[in-house]
Structure formats: C-alpha cells, structure tokens
Amino acid sequence: MYLHGTSKINSKGHLEIGGNDVTDLKAKFGTPLYIVDEDLVRLRCREYVAAFRESGLTFQVAYASKAFCTMAMCRLADEEGLSLDVVSDGELYTALQAGFPAHRIHFHGNNKTVEEIEMAIDAKIGCFVVDNFIELHLLNAIAAEKGQRVNVLLRVTPGVEAHTHEYISTGQTDSKFGFDIGNGSAFEAVRVASDLASLELLGVHSHIGSQIFEVEGFQMAVERVAQFAIRVRNELNVAFKVVNLGGGFGIRYVEGDTPLLVSQYVKAITDAVKTHFAGLGDILPEIWVEPGRSIVGDAGTTLYTVGTSKDIPGVRKYVAVDGGMTDNPRPALYDSKYEAMLANRANEENIETVSIAGKCCESGDMLIWDLELPKVISGDLLAVACTGAYNYAMASNYNRIRRPSVVFVKDGQADVVVQRESFDNIVGNDVIPERMKKVAVTQ
Ligand SMILES: *Cc1c(COP(=O)(O)O)cnc(C)c1O
C-alpha cells in the first residue's frame, strides 16, 4: 500500500499516521475508524493557495465540503483561508455552526428549496451558484421579498467531457446540471439574470467532472468559457468579474492512478485563463476553484478489524471486516478501487490473495477484490488508504449499522471530530404510533 502524507511503518511493524500507532487508535476508539491525517489536509490546502499566489491572479479556493463535511473540517478550511461550497441546508448549517464566515460560503445545487434559499439569504452567504431558470426567478423573488440583493454565478455546461467514470461526468451537454453554452441557454440565462433587480451577476461557474488526471479538459473548459465571456461582453455588455472553474482534480487511490501535482493543475488553469481571457482586455476575472477530493481524499484511512473468512478452494478467499458499504459505498456505487494493508503486521510478506468483504446483507458489499496480504487471521487490523473523500460523507445506516467515529491525527495527538453513532442515535428518530405501543400484559 502506498503510504500517503505522514503514514509510515514504525519499529513495531505497525502503521502509524500523524504520529499515532494505529493499534493504539484501535484500543482507544475502536473500529471501524476513519483516521484523517490533519497535516496532509493542511498541506493540500496550502498547495492550492500557494499555486494561485504564484499565478498572480486574484482567486478563491473553495473547499467542496460535500467530500467531507464536519464542523472540525469547516474550522480547518477557515483556518487555511479557504472558501466553502455547500449544496444543502445541512451542509450550510454545519458550516454556520462551525463559525465559518458566511461571506465565503457558496451555495450550489440543481434543486435548492425555498427553505434552503431563505436560510442562505438570511445567513448572508457570499454567493449562489444558480443552476436553472426556475431557480433564477425564485431566487430573485425571495431576495426581493427580503429586500436584499444576492450575488450569483451561473452554472454553465461548456460541453467538455472529462475522461472519468460516466456517473461522475457533469460537463457534457447531456447533464442534469447547468445552462448549456452550446445550445444558447447559457447566453439567455446571462440576459435574464442581468435584468433581475435583486440579483448581482458575478459571472459563471463550470465543473467538468471528478477524479480527472489530465489538464486538457480544464484548458478546454477555460477556452469555451472565455469565448462565451467575450460574446456576452460584446453582445450584452455584461462583464464577468468571477469565473469559477470547479473541482475534480484527481488523486492517487491505487497504482496506475496518475494525478498531477496540485501546482500543475493550477498552473494549467491559470495559464489558460491568461491566454484565453486576453481578448477581454487587461482586467482578468477573479478565478475560483472548488477542490473536494484532492483536499481530503488521500489524507483519510479507514481502519477495520478482520473477523470471519471463507475460503472457497480454487475460487477465492473472502475476508470480512467490521464495516463495508455503510462506511464506504464507493466500490459498490462506482466500482472504485482501493489499496489496503495489514496494519498490525505491516512488515510481513504478502503470501495470499484475498477479497475484502463488508458485513452488510448484500453480495455487492465488497471493498476490495484480489488483495495481496500476509496470512490474515481474525483480529488483524486492515487499513484502507485514501478514504478521506466521499466515505464518511456518503456513509449510511444500512442494516442499522452505526456510523464510525472520525479522528484527526497530528503530531502524536488524536482528536475525535465525529463521535461514533450510539444506539440512541439509531432509534432516536423512530416513533411508535400510540396504537402500536406495547401494553403491559398481566396474567
Ligand atoms: C463535487 C463538486 C466539486 C468537487 O469535486 P471533487 O472531485 O471532489 O474535487 C466541485 N464543484 C462542484 C460543483 C461539484 O459538484
């Protein structure tokens, strides 16, 4: 398994992250356990900020909180000077409860409810990323009613297809998201938005996909958005102050994944901006990006305890852990691949090929197929790398399994940032109708 960030093998042959031996973390917090390497998250934040500073452009780096949204993570993003994307009232609430400055919060989503819009306007967030005409008019009406003027970006689809899994592509024309540039809908949206009195049109937003390794998709999107900006300026006399180029920067999950450095993605984008927006004169728009996965993904490790196994001679050996699709649904959803290691016997040679199963009642609840490991026994610790993004965020209570805790580790310290769910949490929202209540039977 590739060792990310502060992960290393210590003298006892145990995996250590943020100066914490994972066997100690298991003793203290139990398993499954999400472990987040805080230094690595901060390093990623700083890489984005440094690369933009280097470019000389005005910028905002917004952490796409949907990748991993907890109050501690919102605090960290604030401390690192990032802005924050939210896509629901729950994420907005989390950010506000964490004291995240509202003016640096951007609200996304293709179907924001009236309640969400009201909540966000009342909180005085920085910007709405408007997805469609219904939302444009709704937002304008609600803002007018509240006597406020709100900043908006228009989400446009530039018609760029990023090379990635089909389900996580959003930049092509056939997408549920945004106003299409190619069919004229984006142009019409600019015309409408700039006429709506309670909206301040800041510019446009484009997000072409996720887990992208190449820069060409981003460069093409910049070019299309720049051509669009020039047309809008010439024909509607509207200038974009902000161009948001989304997220989607890839990370290394497994061997063969070839992400670029953060600095390389940012340089490709800012260079493309300088080239393609030159036609607008000497004032370049402010550039925003929205990394999610590449901020938190490789900093996360999930620690499991091995339980049962089933060896089918000549077929395969299944090894089951005490979590699965409830804490990591990505293999089942996207066929995502992960690397893992025996964290308590990290120096031992790999001698068997096993497939890691979860404990849910689904044959599809498999975490990793055909993993090389030392001889695995019940009670071993299995560490799965790169689980920082879209794992806790997508976790469920299927089979009424309690969601694990999340700890931030750093310099030998380990702090719980999300507690493990309790049985009270599991039944806390359940209600038994009066007529079904169990009455004490006396005989
Ligand atoms: C999901 C999403 C992001 C973040 O994507 P990553 O692949 O996690 O970097 C950014 N912007 C928008 C609009 C998104 O939907």
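As the structure is a computational prediction, the values presented were derived from the model and not from experiment.

Novice: What is the right way to look at the site of the ligand in this model?
Specialist: Of all residues adjacent to the ligand, which total 14 residues, the nearest are Lys 66, Ser 210, Glu 290, Arg 293 and Tyr 390. Residue Arg 293 places a main-chain N or O atom 2.7 Å away from an oxygen atom belonging to the ligand. Within the side chain of Tyr 390, one N or O atom sits 2.5 Å away from an oxygen atom of the ligand. When the ligand sits alone it has 390 Å² of accessible area, and the protein chains cover 92% of it. Broken down by class, the residue content of the shell around the ligand amounts to three nonpolar, seven polar and four charged.

Novice: So what exactly am I meant to see when it comes to the pairing of strand E4 (residues 33–37) here?
Specialist: In terms of burial, E4 is a largely internal element, five of the five residues being buried. Where E4 and strand E20 (residues 405–410) come together, five bridges link them in parallel fashion. By the bridge assignment for E20, Val 36 is matched with Phe 408.

Novice: Would you explain unusual backbone geometry in this entry?
Specialist: Outside of glycine, negative phi angles account for most residues, and trans bonds account for most peptide bonds. Note that the residue after Thr 31, namely Pro 32, is joined by a cis bond; omega there is -5°. Position of Pro 32 relative to the elements: it lies in the loop between helix H1 (22–29) and E4. One non-glycine residue, Gln 211, lies in positive phi territory at about 55°. Mapped onto the secondary structure, Gln 211 falls in the loop between strand E11 (199–205) and helix H8 (216–236). The backbone of Arg 400 shows a phi angle near 55°, a positive value even though the residue is not glycine. Inspection of the secondary structure assignment puts Arg 400 in the loop between strand E19 (381–385) and E20. Exposure remark for Arg 400: the relative accessible area of 47% places this residue in the partly exposed category.

Novice: Just checking my understanding: could you explain the domain arrangement of the protein chain for this structure?
Specialist: A common way to express how large an interface is: the accessible area buried when the components associate. For the protein chain, the assigned domains are domain 1 (8–37 + 297–427) and domain 2 (108–291). Buried surface at the junction of domain 1 and domain 2, summed over both partners, amounts to about 820 Å²; 60% is from carbon and sulfur atoms. The largest contributions to the domain 1 side of the interface with domain 2 come from Tyr 334, Glu 339 and Cys 386, which together make up 56% of the buried area. Our enumeration of links across domain 1 and domain 2 arrives at one salt bridge. Between Arg 252 and Glu 339 there is a salt bridge, with its nearest N and O atoms 3.2 Å apart. At the junction of domain 1 and domain 2, the tally comes to two residue pairs in polar contact (both at pLDDT 80 or more).

Novice: So what exactly am I meant to see when it comes to the side chain of Asn 140 here?
Specialist: Mapped onto the fold, Asn 140 is located in helix H6 (residues 133–145). For Asn 140, the residues in contact, after removing those within four places along its chain, are Leu 196, Ala 197, Ser 198 and Leu 199.

Novice: Where do I start with the UniProt feature "active site" (unreviewed entry) in the protein chain in this structure?
Specialist: Residues annotated by UniProt as "active site" (unreviewed entry) correspond here to Cys 361. By secondary structure assignment, the location of Cys 361 is in the loop between strand E17 (352–357) and strand E18 (366–373). Classification of Cys 361 by relative accessible area gives exposed; the value is 62%. Setting aside anything within four residues of it in sequence, one finds Cys 361 in contact with Tyr 398 and Asn 399.

Novice: Got a minute to help me understand the sheet that holds strand E2 (residues 15–17) in this structure?
Specialist: The strands making up a sheet associate through backbone hydrogen bonding, with each pair oriented either parallel or antiparallel. Across the sheet, which stays open at both edges, the three strands sit in the order E1-E2-E3 with antiparallel pairing between neighbours. The open sheet has two free edges, formed respectively by strand E1 (8–9) and strand E3 (20–21), since each of these has just one partner strand. In terms of strand pairing, E2 meets E3 through two bridges, oriented antiparallel. Residue pairing in the sheet places Ile 17 in a bridge with Asn 20 of E3.

Novice: Just to check I follow, could you spell out the pattern of salt bridges for this structure?
Specialist: Applying the stated criterion across every chain, the model contains 28 salt bridges. In this structure, the salt-bridge partner of Arg 44 is Asp 298, at a minimum N-O distance of 2.7 Å. Pair noted here: Arg 44 is in helix H2 (residues 38–55) and Asp 298 is in the loop between helix H10 (293–296) and strand E14 (300–312), with a separation of 254 residues, a long-range link. For the pair shown, Arg 44 and Asp 298 are each scored as buried. When the shortest N-O distance is used, the salt bridge between Arg 316 and Asp 370 registers 3.0 Å. Taken together, the positions of Arg 316 in strand E15 (residues 316–321) and Asp 370 in strand E18 put the pair 54 residues apart, joining distant regions of the chain. Taken together, the salt bridges that share partners define one network made up of Glu 38, Arg 42, Arg 46, Glu 79 and Glu 80.

Reading the values: the criteria
- Residues numbered from 1 in each chain as written.
- Predicted model: local features only at pLDDT ≥ 70, side-chain atom pairs only at ≥ 80, totals over all residues.
- Heavy atoms only, no water.
- Near = heavy atom within 4 Å.
- Polar contact = N/O pair within 3.5 Å; in protein donor to acceptor, adjacent residues only side chain to side chain.
- Areas by Shrake-Rupley, 256 points an atom, 1.4 Å probe, with all protein chains shown as cover.
- Nonpolar A, V, L, I, M, F, W, Y, C, P; charged D, E, K, R; others polar.
- Buried < 20%, exposed > 50% of the residue type's maximum accessible area, 1.4 Å probe, protein only.
- Helix = DSSP H or I, 4+ residues; strand = E, 2+ residues; numbered from the N terminus.
- Pairing = 2+ DSSP bridges.
- Domains from an automatic or database assignment.
- Buried area = accessible area lost by both parts, 1.4 Å probe.
- Salt bridge = Lys/Arg side-chain N within 4 Å of Asp/Glu carboxyl O.
- Contact = heavy atoms within 4.5 Å.
- UniProt positions renumbered as here; feature names shortened; annotations may be inferred.

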